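A closer look at the structure
Each chain is listed here by its residues.
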Amino acid sequence: SYQKKMEKSTMKRKNDNLKEWLFAGFVLVVLVTLIFTGIEGKKQDRARLADYLEYQKAEEYYSQGDFEEAYPIFQKLIEKPEYRNSVVLNWAIAQILKDRGEYSEALVYYDHIWKCYPAIVNNPIFLEEYVGALSKTGDERIKLYQQTD
């Protein structure tokens, strides 16, 4: 009977020790995860801030009419997967290409905007620019927008 009590006590202590080690391991995993995600989050924040500052620089060039300085910055940003579907970047690049007379290339960006955001065709400014590029290239799709009397 005494021996059984001792065995139970020893087993309980081992069980408690195991629980303590498991808990300590769990806490360690949680702490390491929190530290790692915090570091990664800060890296992402810095990268996004750097991209935003680049965008601001390009936007400043663009607003001053210095499209040749703005274009490579916009282009660099849109190559990043997280910005590929940005209406603002696609629009800016399309407008610069249109201004250069590169209508076919501009259509690639207008089409991408339309593909990502189909309701954009309800925007008269977009529609005017898009139809203008279609007409300059002789694109067959222009027929969709020509009024018939």
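The structure this text deals with has already been given above.
Residues numbered from 1 in each chain as written. Predicted model: local features only at pLDDT ≥ 70, side-chain atom pairs only at ≥ 80, totals over all residues. Heavy atoms only, no water.

With that out of the way, let us pick up the overall build of the protein. Broken down by element type, the protein carries 5 helices and 0 strands. Traced from its N-terminal end to its C-terminal end, the protein shows the element sequence α-α-α-α-α. Taking the contacts inside the protein whose residues are at least 6 apart along the sequence as the reference set, 39% of them involve residues at least 24 apart. Working note: accessible area of the protein is about 11,000 Å², and carbon and sulfur atoms make up 59% of it. (Helix = DSSP H or I, 4+ residues; strand = E, 2+ residues; numbered from the N terminus. Contact = heavy atoms within 4.5 Å. Areas by Shrake-Rupley, 256 points an atom, 1.4 Å probe, with all protein chains shown as cover.)

Further remarks concern the nonpolar core. Ranked by size, the top nonpolar core spans 25 residues in total, and within it F74, I93 and Y110 carry the most contacts. Going through the elements one at a time, α2 (67-78), α3 (87-99), α4 (103-116) and α5 (124-137) are the ones with two or more residues in this core. Apart from residues lying up to four places away in sequence, F74 is in contact with Y55, A58, E59, Y62, L89, A92, I93 and I96. (Core = buried A, V, L, I, M, F, W, Y, C linked by side-chain atoms within 4.5 Å. Buried < 20%, exposed > 50% of the residue type's maximum accessible area, 1.4 Å probe, protein only.)

If you check α5, its first and last C-alpha atoms are 20 Å apart, about what 14 residues at 1.5 Å a residue would give, namely 20 Å. Regarding α5, the residues found buried are F126, E129, Y130, A133 and L134. Projection of α5 onto a plane perpendicular to its axis shows the buried side chains occupying an angular sector of 135 degrees, all on one side. What points out from α5, more than 90 degrees from its buried face, is the exposed set P124, I125, E128 and K136. Structurally, α5 contributes buried residues whose contacts are with α3 and α4. Two or three places before I125, at the start of α5, stands the capping residue N123, its side-chain oxygen 2.8 Å from that residue's backbone nitrogen. Where α5 terminates, the next one or two residues include G138, which has phi positive at roughly 70 degrees. (Expected span 1.5 Å × (residues − 1). Arc of directions from axis to C-beta. Polar contact = N/O pair within 3.5 Å; in protein donor to acceptor, adjacent residues only side chain to side chain.)

Attention now goes to the packing of α3 against α5. Helix-helix packing is described using two parameters, namely the angle between the two axes and the distance between the axes. As a packed pair, α3 and α5 sit with axes 11 Å apart at the nearest point and diverge in direction by 40 degrees. By the angle class used here, α3 and α5 are oblique. With respect to the hand of their crossing, α3 and α5 are arranged in left-handed fashion. Together, W91, Q95 and K98 of α3 and I125, F126 and E129 of α5 make up the contact between the two elements. (Axes fitted to C-alpha atoms, helices over the stretch in contact; angles between N-to-C directions. Parallel < 35°, antiparallel > 145°, perpendicular 65-115°, else oblique. Left-handed = near helix turned anticlockwise from the far one by under 90°.)

Packing of α3 against α4 leaves a shortest axis separation of 8 Å and a crossing angle of 160 degrees. Between α3 and α4, the interaxial angle falls into the category roughly antiparallel. Between α3 and α4 lies a crossing of left-handed hand. Facing α3, whose interface residues are V87, N90, W91, I93, A94, Q95, L97 and K98, α4 presents Y103, E105, A106, Y109, Y110, H112 and I113.

To describe a pair of aromatic rings, one takes the distance between the centres and the angle between the planes. Counted according to the given criterion, the structure contains 11 aromatic pairs. Note on Y62 and F74: the rings are 5.9 Å apart at their centroids and 75 degrees apart in plane angle, and the pair reads as edge-to-face. Of this pair, Y62 sits in helix α1 (residues 2-63) while F74 sits in helix α2, and the two are 12 residues apart along the sequence. In this structure F74 comes out as buried when scored by relative accessible area, which is 0%. An angle of 85 degrees between the planes, with centres 5.2 Å apart, marks the rings of W114 and Y130 as edge-to-face. Here Y130 lies in helix α5 and W114 lies in helix α4, a separation of 16 residues in the sequence. Overall, Y130 belongs to the buried group, its relative accessible area being 0%. Grouped by ring-pair contacts, the aromatic residues W91, Y110, W114, F126, Y130 and Y145 constitute a single cluster. (Phe/Tyr/Trp six-rings, centres within 6.5 Å; stacked < 30°, edge-to-face > 60°.)

Geometric descriptors of this kind do not, in isolation, establish any biological role.
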